[in-house]
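Summary of the model geometry
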Amino acid sequence: MKQYLCAPKRRPNAGEVAAQPDDDGCLKRSHGSAFHRVPGRARGNWNRLGDLIGRARWRSLGATPAMPGTEIRLALEAIPMGGMKEGSAGDEKVLFVRDASGVRAFQAKCPHLGAPLAKGEICGGRLYCPWHKAAFALADGSLEEPPALDSLTRYLVRIEGSEAVATLTPAPAPAKTASAVVESVLIVGSGAAAVACVKTLRREGYDGPITMVGREAHPPYDRTKLSKQFLAKPTPPEKVLIEPDFDQINKVERITGEVVKVDPSRRDITLGDGRTFEADAILVATGSRAVLPDFPGKDLGGVFILRSLDDAIRISEAARAGGSVVVVGAGFIGMEAAAFLNKRGLSVTVLAREEVPFAKRFGEAVGAALKQYHADNGVTFETGSVVRITGISRVEAVETKDGRRLPADIVLVGAGADPESSLIAGVEPGEGGGLEVGGDLKLADGVWIAGDIATFPERASGETARIEHWRLAQQHGTHVAHAILGRSGVFAGAPFFWSNQGDKRLDYGGYAKGFDRIIVQGDPAALDFIAYYVTGDRVTAACSIGRNSAFTAFLHLLGLGSLPSAAEIEAGADLPTLAREAA
């Protein structure tokens, strides 16, 4: 039976009971009707919704909203022109920023994970978070780039003599009302792109019904945490949720089920149990599934993959008993998990085909330095391939093709992931498993794709790319939300991801399918460097540890299309100064 996500533009068929609108303008579903009403749609209730969102943001950071009326004073001379300075009064803190238009004050911590914004970077008219490169407009604190999903709270400021005084009463956010371009939105998936799309639609004032369909029953969560701190110690699952009460706060109807078909021509989807849904706008953001090669013994107890929250919970439970872990594969998930399970006190061995992890992507010097760092912290490395996993009912060892036997109580297989791109009727995935779209990410009228399944024109490199980055999926979701609301244009966001290699955060920006050479500034062996990846005379990507100012400037200039040439960078171009002055 087909279910509609808004009032369908047709008369009821014979046997259907006509749906009647309730007092908030949505259609109620009468018994026996084929109409599907999204509960909780509330027109004109954005003051209450904004309050819920604001409180949830503070709770998600483990903080309590500031006491209204509290004042924080800071000498004007302490706030550099074109810069920023944190001010405090007791436990309360704000971030003052100053430019030619005056002094403004914002919350001091990034709404993503609470990074101190005073340690971030100002590039042009943006403030970048020092940790994960969320970007906010200096003019009003509005969100411009994820992984944050909310704008900064702004506080009222007055000047008294030689001091700036911030009153910790949030300044009213400008009310937004989206024109009714579409009456209903359906999102397939519940990951990064899906959540960013929902948050953007609501932030921009769309008040129509949004339905999110996915196989996981958990509320949306931050997948990037699963291979990191979540494994370092027993961690409650709610610690990785993106937002408390996500569905209620964002007025989303969640449907748990397996989508087996998306029909772009009809703008509908079919679930495994036969239910179908349609909407005016559909975003398909199904992500990827972890690959588990067909090793003999792969079904033994203690053999895991890591993609979902349930996977992480199972691995963490198994780690309670301690023992030895063999991580198969030296990719980002495998190496992060190895580092944090090692922190937890388990004996960890990484088995990989390559001698130097990450050498193909980052170069030999960076890969060797990361390997040495992990080895110095107790992780053992073995080079080779799995021939079988042995044990009776539970894993006992991993055997390699050259005859070695690596004892294991836990085996974590990090063999990559395949995009879930086979659901679209009439559209065949390309060679790399993605679905090719133009720069607008549109698959058909009213249907867009985002995240891991999208093969799209990556602007900075000029390549057609499929990129499996959490933040890029969020950028895609944000772009699609704007497209749903009627804004035209092509996606032009600069790709970025971070990887916590134990206590070291590696940042990577841009896209380099390959490279001719590497410009290195700093010392990779000391894990204090920035490396630029060059094709011809163009730098298309960079990675860095410990060089936040230069890296953030690179990312900003890359996004603007204003990056200097490789020769200029090699000659010592001052990227932070260029980025501060850039539009």
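Residues numbered from 1 in each chain as written. Predicted model: local features only at pLDDT ≥ 70, side-chain atom pairs only at ≥ 80, totals over all residues. Heavy atoms only, no water.

Observations regarding the overall build of the chain
Secondary structure summary: the chain contains twelve helices and 38 strands in total. In the chain, which comprises 583 residues, the share counted as buried stands at 54%. In the chain, of all internal contacts separated by at least 6 residues, the share reaching a separation of at least 24 is 60%. For the chain, the accessible area works out to roughly 24,600 Å², and carbon and sulfur atoms hold 49% of it. (Helix = DSSP H or I, 4+ residues; strand = E, 2+ residues; numbered from the N terminus. Buried < 20%, exposed > 50% of the residue type's maximum accessible area, 1.4 Å probe, protein only. Contact = heavy atoms within 4.5 Å. Areas by Shrake-Rupley, 256 points an atom, 1.4 Å probe, with all protein chains shown as cover.)

What to know about the nonpolar core
Core analysis: the largest hydrophobic core is formed by 84 residues, its most contacted members being Val185, Leu201, Ile269, Val284, Ile484, Tyr532 and Phe554. By residue number, the principal contributor to this core is helix H2 (residues 192–203), which donates eight residues. Setting aside residues up to four positions removed in sequence, Ile269 forms contacts with Leu186, Val188, Val213, Val259, Lys261, Val262, Arg275, Thr276, Phe277 and Ile282. Ranked by size, the runner-up nonpolar core spans 45 residues in total, among them Phe358, Val379, Ala531 and Ala541. (Core = buried A, V, L, I, M, F, W, Y, C linked by side-chain atoms within 4.5 Å.)

Some details on the sheet that holds strand E2 (residues 71–75)
Pairing in this open sheet of six strands is antiparallel, and the strands run E2-E11-E10-E5-E4-E3 from one edge to the other. Either end of the sheet is taken by a strand with one partner, and the two such strands are E2 and strand E3 (83–89). Averaged over all neighbouring strand pairs, the angle between strand axes comes to 30 degrees, with direction disregarded. One ladder, built from five bridges, connects E2 with strand E11 (residues 163–170); its direction is antiparallel. The residue of E11 that forms the bridge with Glu71 is Thr167. (Pairing = 2+ DSSP bridges. Axes fitted to C-alpha atoms, helices over the stretch in contact; angles between N-to-C directions.)

Quick word on the pattern of salt bridges
Within this structure, the stated rule accounts for 36 salt bridges. Close ionic contact of Glu160 with Arg73 constitutes a salt bridge, the shortest N to O distance being 3.0 Å. Taken together, the residues span a long stretch of sequence, with Glu160 in strand E10 (residues 154–160) and Arg73 in strand E2 at a distance of 87 residues. Judged by its relative accessible area of 33%, Glu160 falls in the partly exposed class. Connected via shared salt-bridge partners are Glu71, Arg73, Arg158, Glu160 and Glu163. (Salt bridge = Lys/Arg side-chain N within 4 Å of Asp/Glu carboxyl O.)

Re the packing of aromatic side chains
Under the defined criterion, the tally for this structure stands at 13 aromatic pairs. The interplanar angle of 45 degrees and the centroid separation of 5.6 Å between the aromatic rings of Phe358 and Phe362 together place this pair among those described as tilted. Accessibility classification places Phe358 together with Phe362 in one group, the buried group. Ring pairs connect the aromatic residues Phe332, Phe358, Phe362, Phe497, Tyr508, Phe515 and Tyr533, which therefore count as one cluster. Positioned above the aromatic ring of Tyr508 is the side chain of Arg361, whose terminal nitrogen or guanidinium carbon lies 5.2 Å from the ring centre. (Phe/Tyr/Trp six-rings, centres within 6.5 Å; stacked < 30°, edge-to-face > 60°. Lys NZ or Arg CZ within 6 Å of the ring centre and 35° of its normal.)

Here we look at helix H8 (residues 364–376)
The first and last C-alpha atoms of H8 sit 18 Å apart over 13 residues, in line with the 18 Å expected at 1.5 Å per residue. Every buried residue of H8 is accounted for by Val366, Gly367, Ala369, Leu370, Lys371, Tyr373 and His374. (Expected span 1.5 Å × (residues − 1).)

Notes on the environment of Arg505
As for its placement among the helices and strands, Arg505 is situated in strand E35 (residues 504–510). Here the alpha-carbon distance between Arg505 and Trp131, two residues 374 residues apart in the chain, equals 8.4 Å. Setting aside anything within four residues of it in sequence, one finds Arg505 in contact with Pro130, Trp131, His132, Lys133, Trp498, Ser499, Asn500, Ser544, Ile545 and Asn548. Here the side chain of Arg505 touches Pro130 through a polar contact of 3.2 Å, landing on its backbone oxygen. Within polar-contact distance, the side chain of Arg505 engages the side chain of Asp507 at 2.9 Å. (Polar contact = N/O pair within 3.5 Å; in protein donor to acceptor, adjacent residues only side chain to side chain.)

Some words on the pairing of strand E21 (residues 324–328)
In terms of burial, E21 is largely enclosed, as five of its five residues are buried. By the alternation rule, side chains of E21 split into Ser324, Val326 and Val328 and Val325 and Val327, which are all buried. Sheet topology places E21 next to strand E22 (residues 347–352); five bridges connect them, and they run parallel. Pairing of Val327 across the sheet is with Val350, part of E22.

Examining the sheet that holds strand E12 (residues 185–188)
Across the sheet, six strands lie side by side as E14-E13-E12-E18-E31-E30; this open sheet has mixed pairing. Each edge of the open sheet carries a strand with a single partner, namely strand E14 (252–256) and strand E30 (442–444). Averaged over all adjacent pairs, the angle separating strand axes in this sheet is 20 degrees, with direction ignored. Pairing of E30 with strand E31 (residues 447–449) involves two bridges; the strand directions are antiparallel. Paired with Ala444 across the two strands is Val447, which belongs to E31.

Some remarks on helix H9 (residues 470–484)
Note on helix geometry: an α-helix contains 3.6 residues per turn, so any two residues three or four positions apart are oriented the same way. In this model H9 runs 21 Å from its N-terminal to its C-terminal C-alpha over 15 residues, within 8% of the 21 Å that 1.5 Å per residue would give. Within H9, 14 of the 15 residues are buried, which leaves it mostly tucked inside the rest of the structure. Directly after H9, the chain includes Gly486, whose backbone phi takes a positive value near 100 degrees.

Here's the deal with the confidence of the model for the chain
Per-residue confidence for the chain gives a mean pLDDT of 89; residues scoring 70 or more make up 88%. The low-confidence segment residues 6–63, where pLDDT is below 50, has 107 contacts with residues more than four positions distant or belonging to other chains. (pLDDT = per-residue confidence, 0-100.)

Regarding the packing of H2 against H9
Running from N to C, H2 and H9 point in directions that differ by 40 degrees, and their axes come no closer than 7 Å. In this view, H2 runs oblique relative to H9, as classed from their interaxial angle. As H2 packs across H9, the resulting crossing turns out to be right-handed. Facing Ala192, Ala193, Ala196, Cys197, Thr200 and Leu201 of H2, the residues of H9 in contact are Trp470, Ala473, Gln474, Gly477, Thr478, Ala481, His482 and Ile484. (Parallel < 35°, antiparallel > 145°, perpendicular 65-115°, else oblique. Left-handed = near helix turned anticlockwise from the far one by under 90°.)

As for unusual backbone geometry
With an omega of 20 degrees, the peptide bond between Pro146 and Pro147 qualifies as cis. Considering the arrangement of structural elements, one finds Pro147 in the loop between strand E9 (143–145) and E10. Its identity as a non-glycine residue notwithstanding, Lys251 has a phi of 55 degrees, on the positive side. Mapping Lys251 onto the fold places it in the loop between helix H4 (246–250) and E14. One non-glycine residue with positive phi stands out, namely Leu527, at about 55 degrees.

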